[in-house]
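Residues per chain, in single letters:
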Amino acid sequence: MKDIKIKVNDLSLYYGDKKALNEITMDIPANKVTALIGPSGCGKSTFLRCINRMNDLIPSVSITGKMLVEGVDIYDKNVDVVNIRKKIGMVFQKSNPFPKSIYENIAYGPRINGMKDKTELDEIVETSLRQAAIWDELKDRLDDSALGLSGGQQQRLCIARTLAVSPDIILMDEPASALDPISTSKIEELVHQLKEQYTIIIVTHNMQQAARTSDHTAFFYMGNLIEMGKTNSIFTKPVQKQTEDYITGRFG
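Named according to an unreviewed UniProt entry, the chain is Phosphate ABC transporter ATP-binding protein PstB originating from Flavobacterium taihuense.

### Here we look at the overall build of the chain
Along its length, the chain carries 10 helices and 10 strands. Compactness check: the chain gives a C-alpha radius of gyration of 18 Å against a globular reference of 18 Å for 252 residues, within 12% of the reference. Seen through its C-alpha atoms, the chain measures out along the principal axes to roughly 55 × 45 × 35 Å. Accessible surface computed for the chain: about 12200 Å², of which carbon and sulfur atoms make up 50%.

### Regarding unusual backbone geometry
A negative phi angle is the norm for most residues apart from glycine, just as the trans form is the norm for most peptide bonds. Positive phi, close to 50 degrees, is recorded for Glu-70, a residue that is not glycine. Residue Met-222 is not a glycine yet carries a positive backbone phi of 50 degrees. Turning to its location among the elements, Met-222 is positioned in the loop between strand 9 (216-221) and strand 10 (224-230).

### A closer look at the pairing of strand 10
Across six bridges, strand 9 lies against strand 10 in antiparallel orientation. Residue pairing across strands places Tyr-221 opposite Asn-224, the latter belonging to strand 10.

### Comments concerning the sheet that holds strand 1 (residues 4-15)
Spatial strand order, 2-1-4-5: four strands in an open sheet with antiparallel pairing. The sheet terminates laterally at strand 2 (18-29) and strand 5 (72-73), the two strands that pair on one side only. In terms of strand pairing, strand 1 meets strand 2 through eight bridges, oriented antiparallel. Bridged to Ile-6 within strand 2 is Ile-28.

### A look at the side chain of Thr-204
The residue Thr-204 is located in the loop between strand 8 (199-203) and helix 8 (207-213) in this model. Residues contacting Thr-204, with those up to four places away along its chain left out, are Leu-36, Ile-37, Lys-44, Glu-174, Gln-209 and Ala-210.

### What about the pattern of salt bridges?
As enumerated under the stated definition, the model contains 16 salt bridges in all. Of the charged contacts, one joins Arg-111 and Glu-104 as a salt bridge, the two residues approaching to 2.4 Å between their closest N and O atoms. Between Glu-188 and Arg-212 there is a salt bridge; the shortest N-O distance is 2.7 Å. Taken together, the residues Glu-188 in helix 7 (residues 181-194) and Arg-212 in helix 8 connect sequence positions 24 residues apart. Each of Lys-5, Glu-70, Lys-87 and Asp-168 takes part in a single network of salt bridges with overlapping partners.

Thresholds, definitions, all that
Residues numbered from 1 in each chain as written. Predicted model: local features only at pLDDT ≥ 70, side-chain atom pairs only at ≥ 80, totals over all residues. Heavy atoms only, no water. Helix = DSSP H or I, 4+ residues; strand = E, 2+ residues; numbered from the N terminus. Rg over C-alpha atoms; globule rule 2.2 N^0.38 Å. Areas by Shrake-Rupley, 256 points an atom, 1.4 Å probe, with all protein chains shown as cover. Pairing = 2+ DSSP bridges. Contact = heavy atoms within 4.5 Å. Salt bridge = Lys/Arg side-chain N within 4 Å of Asp/Glu carboxyl O.

Below is the structure:
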């Protein structure tokens, strides 16, 4: 299906002998926000890191099953992992700007990919910061250190840095959990705007945030995908009792 961006079939992940994800099967739609919810340690961040093969960096990890991104099995041995990661950007829980200027933070990715033209770089920096809704705040400070920004600004800068390399998919691992309510609402607003151009998958502990920002929600528990559906249905008429218990705060 054209509107399915990521197709996951029977994906399991092991740390050594310990099974951390248990035969996950789901379809993630294109140009929508999909939220992954569930208690700590339930596998949602581990699953998120499967999508850009970041778990490959952990020596004891092994993965079975399939994950197709636009029809390509990203775990096929002939796949170029660097290309996969180019198409799939990641925003972490803790903002991690480089100790460089605001400009150099954004230009870093395009430069690594071989872009040298100053005019093109200027354009990418401006476009990325505009897309991240922070251009007006930073346009006169591009030579300042990114480390001097507030937490919320740093996180939006990191989103702009992700956008600068033109990914198709953006993964967000609790992107607002360390931020104050005003910065959080700016990030949520931004997520809402970005889905017109990108497929977004967001891990969040915050139930209200999942309800506010996402189109689809997947509930994970102890390495299992318990239920996935349209966010409105998951929050108002969940099929599984476990989902209902988690959403209403009976456990978790």
